[in-house]
Amino acid sequence: TQHPSSSSSSIISRFQEYLRINTAQPNPNYYEATDFILSQAKSLSLEFQTIEFVKSKPLILLKWPGKNPKLPSVLLNSHTDVVPVESQKWVHHPFGAHIDSDGNIHARGTQDMKSVGMQYLEAIRKLKDSGFEPTRTIYLSFVPDEEIGGRDGAEKLAESDVFENMNVAFVLDEGMPSPNEKYRAYNGERSPMWLVIKATGAPGHGAKLYDNTAMENLLKSIESIRGFRASQVDMLKAGLKSEGEVISVNLVYLRAGTQTPNGFVMNLQPSEAEAGIDIRVPPTADQKSLEKRIAEEWAPASRNMTFEFKLKVPVVDRYGKPALTVADNSNPWWVLLEKAVYSAGGKLGKPEVNIGTTDARYFRQRGLPAIGFSPIANTPLLLHDHNELLNQREYLKGVDTYVSIIKAYASYAEETETQAAKDEL
Ligand SMILES: [Zn+2]
Ligand SMILES: [Zn+2]
């Protein structure tokens, strides 16, 4: 038997192997992914366990024990699922991991986020090869279901006794690719509020003009919502705020009408009409006042409207503070990250608020510091898009960036302030 090597070609082959496992929602092949990750863990002599907080949704937890087990640990998180694909719209098969003549690896998950999960492991392989031994324990979690909300994955882990016993001081999770040479890092993210508003009204003849129809009631809301959306777009376009600092409001579906096997009825005004809206709220936004606006302007009972949230994540953590990780010189984890990226020859941008949502929120909710970071620079943003890709050189550079980061984190021997604050509670 051959010892798995850290040659560039082996590193790329292992990445391709992970990419070829179809873990697309809504039917991710979690067990195949689990077998693969466990085989990697065994070849690295890491401690491992698989936990099914929810049946058929395995979560893999790996441990690289530190020499000083009393020191709080660092958790490197990644999710194993990916978003669905429209195969026929891809140039190369989305689960083929084809490498083109420019060295671009084509597959769903190359950016979001099988790259990151594998790069953690490859970095550990390189560190082990070099004889490095961690002072502080490093955990790796490979979690299911991030793309559908993470309730059966990262949230279960964050709330578990297993997690409590891991004594985690800091979490690293996914970020976003950067189109330029500077990596991006996220110290917070916008909270999703997935809103469904429903209008009812008097049905009637399609030729009759009368008040209080379901359609009119819903359209008045939509006018109001679009006005609010425009105010946010204006701030963005004027350069007053960044994308992570405004509230995004996007209509994602509309449903109304009376359907028959022959199509919609054309001369009947429906008694019900409904809209779905994806809202994302920055950590410092006034979520209460937005909820008030929804109840009073977007779905007022006085206009025969009701509303419900399919998902509503609070912008504050369990202590009532905005769920933002301090990302300046007062947070040693941030300082270590900056230094490690630079010493690996990379550049790091200013901390930002992620416009999307990641599992990091479940750890920030607990009051833990968490940074979103994917070592992907000089790459077009193709996450959730057709033809998602990552260049193999960029991927290999990312592995070396994690070598630097993990080495710094695993060597860091101070008790952190966060830990001290936690002990006081
Ligand atoms: Zn992701
Ligand atoms: Zn995603």
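By the naming in an unreviewed UniProt entry, the chain goes by N-acyl-aliphatic-L-amino acid amidohydrolase and is assigned to Spinacia oleracea. UniProt's Subcellular location (unreviewed entry) comment on the chain is quoted here verbatim: "Cytoplasm".

> What is the right way to read the pattern of salt bridges from this model?
Pairs may arise between side chains of opposite charge once their charged atoms sit close together. For the coordinates displayed, the defined rule picks out 21 salt bridges. One salt bridge connects Glu122 with Arg14, and the closest N-O pair in it is separated by 2.7 Å. Of this pair, Glu122 sits in helix α3 (residues 114-129) while Arg14 sits in helix α1 (residues 8-19), placing them 108 residues apart in sequence. Just as Glu122 is buried, Arg14 falls in that class too.

> Can you walk me through the coordination of the zinc ion (ligand 1) in this structure?
Reference values for coordination geometry: four tetrahedral donors around a metal ideally subtend 109.5 degrees, six octahedral donors ideally subtend 90 or 180 degrees. Around the zinc ion (ligand 1), the protein contributes the donor atoms His79 (NE2), Asp112 (OD), Glu174 (OE) and Glu174 (OE), which lie 1.9 to 2.6 Å from the metal centre. One can describe the donor arrangement at the zinc ion (ligand 1) as irregular, given that its 4 donor atoms subtend angles of 55 to 150° at the metal. Sequence spacing of the donor residues for the zinc ion (ligand 1), all on one chain, is H-x32-D-x61-E. Taken as an interatomic distance, the gap from the zinc ion (ligand 1) to the zinc ion (ligand 2) is 3.4 Å; Asp112 donates to each of them. Note that His79 is positioned in strand β3 (residues 73-79) and Asp112 in the loop between β5 (104-106) and α3, a separation of 33 residues in sequence.

> Help me understand the environment of Gly276, please; the structure alone is not making it clear to me.
Following the sequence through the fold, Gly276 ends up in strand β15 (residues 272-281). By relative accessible area, which is 2% here, Gly276 ends up buried. On a C-alpha basis, the gap between Gly276 and Lys198 in space is 9.0 Å, while along the polypeptide they are 78 residues apart. Setting aside chain neighbours within four positions, we find Gly276 in contact with Leu195, Asn250, Leu251, Val252 and Tyr253.

> I keep staring at the packing of aromatic side chains and nothing clicks. Help me out?
Aromatic ring pairs are reported here in terms of the distance separating the ring centres and the angle at which the planes meet. Overall, the coordinates contain 13 aromatic pairs when judged by the stated rule. Here Phe307 and Phe309 contribute two aromatic rings whose centre-to-centre distance is 5.9 Å and whose plane-to-plane angle is 80°, an arrangement assigned as edge-to-face. The partly exposed category is assigned to Phe307, whose relative accessible area is 34%. Of the residues examined, Phe309 reaches a relative accessible area of 22% and is grouped as partly exposed. Relative to Tyr402, the ring of Phe373 lies with its centre 6.1 Å away and its plane at 90°, an arrangement referred to as edge-to-face. Taken together, the positions of Phe373 in strand β18 (residues 370-373) and Tyr402 in helix α10 (residues 392-411) put the pair 29 residues apart, joining distant regions of the chain. The pair formed by Phe373 and Tyr402 is uniform in burial state, with each residue classed as buried. A cation over an aromatic ring shows up here: Lys114 above the ring of Tyr18, its NZ or CZ 5.3 Å from the ring centre. Above the plane of the ring of Tyr210 lies Lys208, whose end atom (NZ or CZ) is 5.0 Å from the centre.

> Can you help me understand the sheet that holds strand β16 (residues 305-312) in this one?
Backbone hydrogen bonds are what pair the strands of a sheet, in a parallel or an antiparallel way. The strand order β11-β15-β9-β16 describes an open sheet built from 4 strands, whose pairing is antiparallel. The open sheet has two free edges, formed respectively by β11 (248-256) and β16, since each of these has just one partner strand. Across this sheet, the average inter-strand angle for adjacent strands is 20°, counted without regard to direction. Relative to β15, β11 is paired through 8 bridges, and the arrangement is antiparallel. Bridging from a neighbouring strand, Tyr253 pairs with Gly276 of β15.

The rules behind these values
Residues numbered from 1 in each chain as written. Chains lettered and ligands numbered in written order. Predicted model: local features only at pLDDT ≥ 70, side-chain atom pairs only at ≥ 80, totals over all residues. Heavy atoms only, no water. UniProt positions renumbered as here; feature names shortened; annotations may be inferred. Salt bridge = Lys/Arg side-chain N within 4 Å of Asp/Glu carboxyl O. Helix = DSSP H or I, 4+ residues; strand = E, 2+ residues; numbered from the N terminus. Buried < 20%, exposed > 50% of the residue type's maximum accessible area, 1.4 Å probe, protein only. Donors = N, O, S within 2.8 Å, 3.2 Å for Na, K, Ca; no water. Tetrahedral: all angles 85-135°; square planar, octahedral: opposite > 155°, others 65-115°. Contact = heavy atoms within 4.5 Å. Phe/Tyr/Trp six-rings, centres within 6.5 Å; stacked < 30°, edge-to-face > 60°. Lys NZ or Arg CZ within 6 Å of the ring centre and 35° of its normal. Pairing = 2+ DSSP bridges. Axes fitted to C-alpha atoms, helices over the stretch in contact; angles between N-to-C directions.

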